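# Examining the three-dimensional arrangement
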Amino acid sequence: SSAAEALAKFKLDPATAVSLFELLASQDEYPLYSNAIPVISHLGAEAVPIVVKALQLREDDGTLEFFAFEFLDQLGPAAVSGLVELSKTDPWKERVIPLLGKPRSAEAVPHLIDLLKHETRQRRAEAAEALGRLGEIAAPAIPALSPQLTDHDIKVTVRAIEALGRIGRRSA
């Protein structure tokens, strides 16, 4: 709404922005909760734990989540710790794992290595793909990617091959 956009332009002090964000994010009405992220986005990395907490308290209904993940994606490396935290909760794993490969942050590598052992093939494939997108930063993952070459799921194997190729090519 234009009211939330106007408030976002004022760059509210952190305490006021957080209070307004929490109020808007807790609402069930689209015009209210859809404007929660613009109110807090000027806080940058300071907003990450607040956005993560709000996502953990909500069910995935698409709108707040869309803006929240777009915000976290735009923050890049500053959002990695929040993305790692969200990837530990089932409703968000699917949306978070691909984002972990985008920010070019070594902080994501250990968590993605752990996800290579996930029970579902989709998560293993996503983790391998994300590691590949990280390139040479993900070189410590090479020993963990090697066993994925014999995974019983072809998609995981292919993603591991691609990841090793991207990591090796960039780190050579």
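Right above here is the structure, for reference.
For the rest of this paragraph, the subject is the environment of G135. You can see G135 is positioned in the loop between α10 (121-134) and α11 (142-145). In this structure the C-alpha to C-alpha distance between G135 and R166, which are 31 residues apart in sequence, comes to 5.6 Å.

Our focus in this paragraph is the pattern of salt bridges. What the rule picks out here adds up to 9 salt bridges. With a shortest N-O distance of 2.9 Å, R124 and D151 are connected by a salt bridge. Here R124, found in helix α10, pairs with D151, found in the loop between α11 and α12 (154-171); they are 27 residues apart in sequence, far enough to count as distant. Overall, D151 belongs to the buried group, its relative accessible area being 15%. E129 is paired through a salt bridge with R159; the nearest N and O atoms lie 3.6 Å apart. Taken together, the residues span a long stretch of sequence, with E129 in helix α10 and R159 in helix α12 at a distance of 30 residues. Bridged by salt links that share partners, the residues E129, R133, R159 and E162 form one connected network.

Let us look at the packing of helix α2 (residues 14-25) against helix α5 (residues 48-57). Where α2 meets α5, the closest approach of the two axes is 11 Å, and the angle between their N-to-C directions is 20°. Here α5 runs roughly parallel to α2, going by the angle between their axes. The handedness of the crossing between α2 and α5 is right-handed. For the pair α2 and α5, contact is made by V18, F21 and A25 and by I50, V51 and A54, respectively. Considering only residue class, the contact of α2 with α5 consists of 6 nonpolar, no polar and no charged.

This next bit is on the environment of T157. Relative to the assigned elements, T157 resides in helix α12. Spatially, the C-alpha atoms of T157 and R121 are 10.0 Å apart, while their sequence positions differ by 36 residues. Here T157 is in contact with Q148, L149, T150 and D151, once residues within four sequence places are set aside. A distance of 3.3 Å separates a polar side-chain atom of T157 from the backbone oxygen of D151.

What follows is about the nonpolar core. Across soluble globular proteins, nonpolar side chains show a tendency to be buried alongside one another. Grouped together as the largest cluster of nonpolar side chains are 53 residues, with contacts concentrated most on F21, V51, L72, L112, L131 and L145. Residues in contact with L72, not counting those within four places in the same chain, are V48, V51, L55, A79, L83 and L86.

Attention now goes to the packing of aromatic side chains. Per the counting criterion, the structure on display carries 2 aromatic pairs. Judged by centre distance (5.3 Å) and plane angle (80°), the ring pair of F66 and F67 falls under edge-to-face. Looking at F66, the relative accessible area reads 44%, which means it is partly exposed. On the accessibility criterion, F67 (25% relative accessible area) is partly exposed. Seen in terms of ring centroids, F69 and W92 are 5.5 Å apart; in terms of plane orientation they differ by 50°. Their pairing is tilted. Residue F69 is located in helix α6 (residues 63-75), and its partner W92 is located in helix α8 (residues 90-100); the two are separated by 23 residues in the primary sequence.

Structurally, D153 is set in the loop between α11 and α12. Residue D153 is classed as buried on the basis of its relative accessible area of 12%. At 3.5 Å, the side chain of D153 and the side chain of R121 are in polar contact. A polar side-chain atom of D153 sits 2.9 Å from the main-chain amide nitrogen of K155. The residues touching D153, leaving out its near neighbours within four places in the chain, are R121 and R124.

About the thresholds
Residues numbered from 1 in each chain as written. Predicted model: local features only at pLDDT ≥ 70, side-chain atom pairs only at ≥ 80, totals over all residues. Heavy atoms only, no water. Helix = DSSP H or I, 4+ residues; strand = E, 2+ residues; numbered from the N terminus. Salt bridge = Lys/Arg side-chain N within 4 Å of Asp/Glu carboxyl O. Buried < 20%, exposed > 50% of the residue type's maximum accessible area, 1.4 Å probe, protein only. Axes fitted to C-alpha atoms, helices over the stretch in contact; angles between N-to-C directions. Parallel < 35°, antiparallel > 145°, perpendicular 65-115°, else oblique. Left-handed = near helix turned anticlockwise from the far one by under 90°. Contact = heavy atoms within 4.5 Å. Nonpolar A, V, L, I, M, F, W, Y, C, P; charged D, E, K, R; others polar. Polar contact = N/O pair within 3.5 Å; in protein donor to acceptor, adjacent residues only side chain to side chain. Core = buried A, V, L, I, M, F, W, Y, C linked by side-chain atoms within 4.5 Å. Phe/Tyr/Trp six-rings, centres within 6.5 Å; stacked < 30°, edge-to-face > 60°.

Geometric values such as these leave the question of function open.
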